[in-house]
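What follows is each chain in one-letter form.
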Amino acid sequence: MFDVKDKVIIITGAGKPDGQGAAEAKLLAEAGGTIYITDVLDETGEATAQDLGPNVHYAHLDVTSEEEWNRLVADIYGRHGRLDGLVNNAGVWLGTGILDTSAEEMRRVIDINQLGVFLGMKAVGPIMCEAKQGSIINVGSAASLRVGVYFWHNTMTAHAYTATKWAVHGMTKAVAMEFAPNNVRVNSIHPGPIETSMLGGDIEDIAASLPMKRLGQPSDVASTVLFLMSDASPFMTGAQISIDGGATV
Ligand SMILES: NC(=O)c1ccc[n+]([C@@H]2O[C@H](COP(=O)([O-])OP(=O)(O)OC[C@H]3O[C@@H](n4cnc5c(N)ncnc54)[C@H](O)[C@@H]3O)[C@@H](O)[C@H]2O)c1
């Protein structure tokens, strides 16, 4: 129903074959896009891109490096003369409360989950604003809508993860306002427990605890990404969309 024909799209943190980013790349490529999956896991990233077919390419990108962001965006724009979409998907989980989180761990999670999203939007913003079109999708979490959802990780708190995912939520709205006059849309998606290697704990218990009585699949997230990346959502910006089987209702 939706397509992204001819669009050139970057997805960060998409190197693992069973991750959400790879599922998004698969669906977006099937919908006509040229997709650049990026990660720090170069070997699995190359193999994942190979499996996903000729319209999916792998490029190394550590989202915490402004230099790497600028080089990647310049390369892709130089090759295609356009850049239509960015999914800021890279992220790391840390399940400790504030008293058990060191300043060093806090900085690492901020760098990847928060600074990485900031750098991504900053790197693609000038090209998209100049072109007067573009779609940026930032991956938050159910935990950036309601803090008391950590039952699925058998913990009631996850200080650094929560803080940085709420920052993603806030940055999305601020940048949506900034880019809106240039027709560049910025939205956030908020997955609940999705069956990837990031999800810890007892999978069956987690599924049973959710209103829909099942875990989310990477494909559940990918279809929302396709919708937001396509021209079917032209008036949507600054929105936060839950994909969590009712966890945050
Ligand atoms: N799985 C869940 O239950 C769940 C729930 C809510 C939100 N999320 C979010 O969804 C996104 C995707 O997670 P996933 O479930 O696919 O897990 P995942 O572990 O498969 O994906 C995260 C990816 O980020 C990459 N990454 C880590 N540090 C990086 C860096 N410095 N630069 C570039 N890439 C880096 C990892 O290598 C990995 O491939 C994350 O932002 C995560 O926080 C996941």
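Rules used throughout
Numbers given to residues run from 1 along each chain, matching the order in which its sequence is written. Restriction of local features to residues with pLDDT of at least 70 applies here, the model being predicted, together with a cutoff of 80 or more for giving and counting side-chain atom pairs; totals for whole chains, interfaces and linings are based on all residues. For side-chain calculations, the full set of non-hydrogen atoms in the structure is used, while hydrogens and water are omitted. For this document, the term salt bridge refers to a Lys or Arg side-chain nitrogen within 4 Å of an Asp or Glu carboxyl oxygen. Accessibility here uses a 1.4 Å probe with only protein chains present; expressed as a share of the type maximum, an area under 20% marks a residue as buried, one over 50% as exposed, and anything in between as partly exposed. Put simply, DSSP H or I for four residues or longer makes a helix, DSSP E for two residues or longer makes a strand, and each gets a number counted from the N terminus. Angular values range over 0 to 180 degrees, each being the angle between N-to-C directions of two axes fitted as lines to C-alpha atoms, with helices fitted over their stretch in contact. In this scheme, a crossing is called left-handed if the near helix is turned counterclockwise away from the far one by less than a right angle; it is called right-handed if the turn is clockwise. For this analysis, residues touch if any pair of their heavy atoms sits within 4.5 Å. Residues are grouped as follows: Ala, Val, Leu, Ile, Met, Phe, Trp, Tyr, Cys and Pro are nonpolar; Asp, Glu, Lys and Arg are charged; all remaining types, including Gly, are polar. Throughout, near means a residue has at least one heavy atom within 4 Å of the molecule or strand. Polar contact is defined as a pair of N or O atoms within 3.5 Å, subject to the rule that within protein one atom must be able to donate a hydrogen and the other to accept it, and that residues adjacent in sequence are counted only when both atoms are side-chain atoms. Accessible surface is estimated by sampling points in the Shrake-Rupley manner with a 1.4 Å probe; for residues, cover comes only from the protein chains shown. The definitions used throughout rest on a 1 Å grid laid over the protein atoms alone, on which a cavity is an enclosed set of points accommodating a 1.4 Å probe that cannot get out and a pocket is an open set flanked by protein within 12 Å on both sides along at least five of seven lines; lining residues are those having an atom within 4 Å of a point. More than half of a molecule's atoms lying within 2 Å of a cavity's or pocket's grid points is what places that molecule inside it.

Asks: For this particular structure, what's the right way to read the pattern of salt bridges?
Replies: When the charged atoms of two side chains with opposite charge come close together, those side chains can pair. The tally for this structure, following the rule as stated, stands at 6 salt bridges. For K5, the salt bridge goes to D6, with nearest N and O atoms at 3.9 Å. Under the relative-accessibility criterion, D6 is labelled partly exposed at 48%. Between E30 and K26 there is a salt bridge, with the nearest N and O atoms lying 3.1 Å from each other. Highlighted residues: E30 and K26, both in helix 1 (residues 20–30), separated by 4 residues, approximately one helical turn. Relative accessible area serves as the criterion here: at 57%, E30 is assigned to the exposed category. Its relative accessible area of 43% is what places K26 among the partly exposed residues.

Asks: When you look at the packing of helix 3 (residues 66–80) against helix 4 (residues 103–131) in this model, what are you seeing that I'm missing?
Replies: A packed helix pair is summarised by two numbers, namely the angle formed by the two axes and the spacing between the axes. Remark: helix 3 packs on helix 4, axes separated minimally by 10 Å, with the N-to-C direction vectors making an angle of 35 degrees. At the point where helix 3 passes helix 4, the crossing takes the right-handed sense. Counting all contacts with helix 3, which are made through E66, W69, N70, V73 and Y77, the residues of helix 4 involved are G116, L119, G120, K122, A123, V124 and I127. In terms of residue class, the contact of helix 3 with helix 4 is made up of 7 nonpolar, 3 polar and 2 charged.

Asks: Before we go on, may I ask you to explain the site of the ligand in this structure?
Replies: Taken together, 27 residues lie around the ligand, and Q20, D39, N89, Y161 and T196 are the ones closest in. Between the ligand and Y161, the relevant distance is 2.7 Å, taken from an oxygen atom to a side-chain nitrogen or oxygen of the residue. Burial of the ligand by the protein amounts to 94% of the accessible area it has alone, namely 820 Å². Because more than half of its atoms lie within 2 Å of the grid, the ligand is assigned to the largest pocket. Among the residues making up the shell around the ligand, the classes are represented as 14 nonpolar, 9 polar and 4 charged.

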